[in-house]
Amino acid sequence: MIRVLLAEDHGVVRGALTALLNLTGDIEVVAEADRGDKVVPRALACSPDVAVIDIEMPGVDGVEATRRLRPAVPDCRVLILTGLASAALLKRAMEAGASGFLLKDAPTERLAESIRRVSQGERVIDASLALAAMSATVTPLTEREVAVLGLVGSGASTGEIAAELHLSAATVRNYISSAITKTGARNRTDAVRIAAESGWIEGLRHP
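Residues numbered from 1 in each chain as written. Predicted model: local features only at pLDDT ≥ 70, side-chain atom pairs only at ≥ 80, totals over all residues. Heavy atoms only, no water.

A. The arrangement of helix α2 (residues 39-46) in detail. Considered for burial, the residues of α2 that qualify are Val39, Val40, Ala43 and Cys46. End-on, the buried residues of α2 take up no more than an arc of 145°, which puts them together on one face. Seen from the open side of α2, the exposed residues pointing more than 90 degrees away from its buried face are Leu44 and Ala45. Positive backbone phi, approximately 50°, marks Ser47, located one or two places after α2. (Buried < 20%, exposed > 50% of the residue type's maximum accessible area, 1.4 Å probe, protein only. Helix = DSSP H or I, 4+ residues; strand = E, 2+ residues; numbered from the N terminus. Arc of directions from axis to C-beta.)

Now the structure itself:
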């Protein structure tokens, strides 16, 4: 029996996944968490074989929860669920120690099979996410988003960026929000870091 910790903040979704996984016959959900910062305490209490963690969680996100879990419970492998096919997000998850990365709309059968494979030490990456990773050298950002992030990286405020690019402050915030989503970042600073590491912001390179 594969012991699973399921971390998902939406109660209805978490309940449905728990019920379906428990019907497989070889997978048992032994603990649940509705916040990212509860993952490690729950894992320490029940010693799961696999933690299935939603990328978007209150407290801390799924990537940070994974980063904390791996040293705390080394024998527990992590399968991350995401609604966004982002190469940058995939990179962050793998760097944090995740063994698998699966889209949330995947059939339950694929989720169960991914849990089995991850528990056996395999690495599982959704096909669409793998394709996104292969094309990661092509920026997903528009020219305007690149310009805005470049100014954010130089330390400019929203008002200063608006004045520099002849935009309204609201439009600048929209560009920043869009860039955060596309890069899979936690915030604007993280978006700048990811874009710089990927070489998408000319003149900025993360050390």
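B. Examining the nonpolar core more closely. If you look at the biggest cluster of nonpolar residues, it comprises 27 residues, and the most contacted ones within it are Val39, Ala51, Ile53, Leu69, Val78, Ile80 and Phe101. Among the secondary structure elements, those contributing two or more residues to this core are β1 (2-7), β2 (27-33), α2, β3 (50-54), α3 (62-72), β4 (77-82) and α4 (87-96). Looking at this core, the element that brings in the most residues is α4, giving five residues. Of all hydrophobic cores here, the second largest spans 20 residues; its members include Ala162, Val172, Ala191 and Val192. (Core = buried A, V, L, I, M, F, W, Y, C linked by side-chain atoms within 4.5 Å.)

C. Structural context of the packing of helix α7 (residues 143-153) against helix α10 (residues 188-197). It is the contact of α7 with α10, at a shortest axis distance of 9 Å, that shows an interaxial angle of 110°. With respect to each other, α7 and α10 are oriented roughly perpendicular. On α10, the residues that touch Leu149, Val152 and Gly153 of α7 are Arg188, Ala191, Val192 and Ala195. Its residues assigned to classes, the contact of α7 with α10 shows five nonpolar, one polar and one charged. (Axes fitted to C-alpha atoms, helices over the stretch in contact; angles between N-to-C directions. Parallel < 35°, antiparallel > 145°, perpendicular 65-115°, else oblique. Contact = heavy atoms within 4.5 Å. Nonpolar A, V, L, I, M, F, W, Y, C, P; charged D, E, K, R; others polar.)

D. Region of the structure containing helix α5 (residues 108-119). Taking 1.5 Å of rise per residue, 12 residues should cover 16 Å, and α5 covers 16 Å from first to last C-alpha, within 8% of that figure. Of the residues trailing α5, Gly121 is marked for its positive phi of about 95°. (Expected span 1.5 Å × (residues − 1).)

E. Spotlight on the pattern of salt bridges. A complete count under the given rule lists 13 salt bridges for this structure. In this structure, Arg14 engages Glu32 in a salt bridge whose closest nitrogen and oxygen atoms are separated by 2.9 Å. Residue Arg14 is located in helix α1 (residues 11-22), and its partner Glu32 is located in strand β2; the two are separated by 18 residues in the primary sequence. Ionic pairing is found between Lys104 and Asp54, a salt bridge with its closest N-O pair at 3.2 Å. In this pair, Lys104 is assigned in the loop between β5 (100-103) and α5 and Asp54 in strand β3, connecting sequence segments 50 residues apart. Given a relative accessible area of 37%, Lys104 falls into the partly exposed group. (Salt bridge = Lys/Arg side-chain N within 4 Å of Asp/Glu carboxyl O.)

Shape is all these values report; function is a separate question.
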